[in-house]
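Results of the structural survey
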Amino acid sequence: SALRSPTSNDVKFFRSILSRPNRSILTTLPTSSDSKEDEEASQELARYNRDWTNHYRGCSSLVLRPRNSREVSSILRYCHENFIGVVPQAGNTSLCGGATPLQDEVILSLEDMNTIHYIDKHSGILVCDAGCILQNLHEYANKHGYLLPLDIGSKGTCQIGGNVNTNAGGQYFFRFGGLHGTVMGLEVVLPDGRLMHLNMKNDDDIVDDGATQQQSR
């Protein structure tokens, strides 16, 4: 079946499952009669609908900014069941339109999933959310006496989830290899909303928080 665009009824559902709907939902769909609010939303949506080069542009009317993997799972399950297209978006520093919607898909932004949980002082494994900005991870690791094995020009904006997805290289590539070689575990949400834990450390505090995690060294 063909994918469809999101509607105001879909927005109502997302409001019911997101813990901070006023922050987590950005839309120009008719959910209020405040034209000023709609205009502000339209202006803010523009930055999600274009890539860094301004060459690729989409026309999404709905951005969702979940806080943890449980919210991501609920969003993807609903969209899968209702044939709504979804475009995941991290720091949006792509130069090839990979995070830009083609039409009116839902943009799933990771920017609010930005918690750095901890770094293991013995193994050097860093546990963090997918939306953490690379620069912040560098500073956190350096503070604990470690070097993050990825350094690229967009580190002040790009997010580790996007870095892992694209196997980012950067100036440390010849020393440490591709980023995939340093990822020790992942919590992944599949397109149908199912959660997968790949080599994740069993940590009750982190699991209870429900945050999408990445373990890297």
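Whatever comes next refers back to the structure up there.
So, here is what we can say about the structure in this document.

Residues Val 87 and Gln 89 line the buried face of strand β3 (residues 86–89), whereas the alternating positions Val 86 and Pro 88 sit on a face that is not buried. Relative to strand β4 (residues 106–109), β3 is paired through four bridges, and the arrangement is parallel. Its bridge partner lying in β4, Val 86 is registered against Val 106.

This part covers helix α5 (residues 134–143). Looking only at α5, the buried set comprises Leu 134, Leu 137, His 138, Tyr 140 and Ala 141. On its buried face, α5 is in contact with β5 (116–119), β6 (126–128) and α6 (160–166). Directly after α5, the chain includes Gly 145, whose backbone phi takes a positive value near 85°.

Another point: helix α4 (residues 69–81). Helix length check: α4, at 13 residues, gives a terminal C-alpha distance of 18 Å against a target of 18 Å (1.5 Å per residue), a fit within 8%. Within the span of α4, buried status applies to Ser 69, Glu 71, Val 72, Ser 73, Ile 75, Leu 76, Tyr 78 and Cys 79. Sitting at the amino-terminal end of α4 is Asn 68, which places a side-chain oxygen 3.1 Å from the backbone nitrogen of Arg 70. Looking one or two places after α4, you find Phe 83, whose phi comes out positive at around 60°.

Moving on, we come to the pattern of salt bridges. Per the stated rule, a full pass over the model turns up nine salt bridges. Among the ionic pairs, Asp 10 bridges to Arg 4, the shortest N-O distance being 2.8 Å. A relative accessible area of 31% places Arg 4 in the partly exposed class. Here Asp 112 ties to Arg 23 by a salt bridge, and the two come within 2.7 Å at their closest N and O atoms. Of this pair, Asp 112 sits in the loop between β4 and β5 while Arg 23 sits in helix α2 (residues 21–24), placing them 89 residues apart in sequence. Within the structure, one salt-bridge network assembled from shared partners comprises Arg 20, Arg 23, Glu 44, Arg 47, Arg 65, Glu 111 and Asp 112.

Each value, and the rule that gives it
- Residues numbered from 1 in each chain as written.
- Predicted model: local features only at pLDDT ≥ 70, side-chain atom pairs only at ≥ 80, totals over all residues.
- Heavy atoms only, no water.
- Buried < 20%, exposed > 50% of the residue type's maximum accessible area, 1.4 Å probe, protein only.
- Helix = DSSP H or I, 4+ residues; strand = E, 2+ residues; numbered from the N terminus.
- Pairing = 2+ DSSP bridges.
- Contact = heavy atoms within 4.5 Å.
- Expected span 1.5 Å × (residues − 1).
- Polar contact = N/O pair within 3.5 Å; in protein donor to acceptor, adjacent residues only side chain to side chain.
- Salt bridge = Lys/Arg side-chain N within 4 Å of Asp/Glu carboxyl O.

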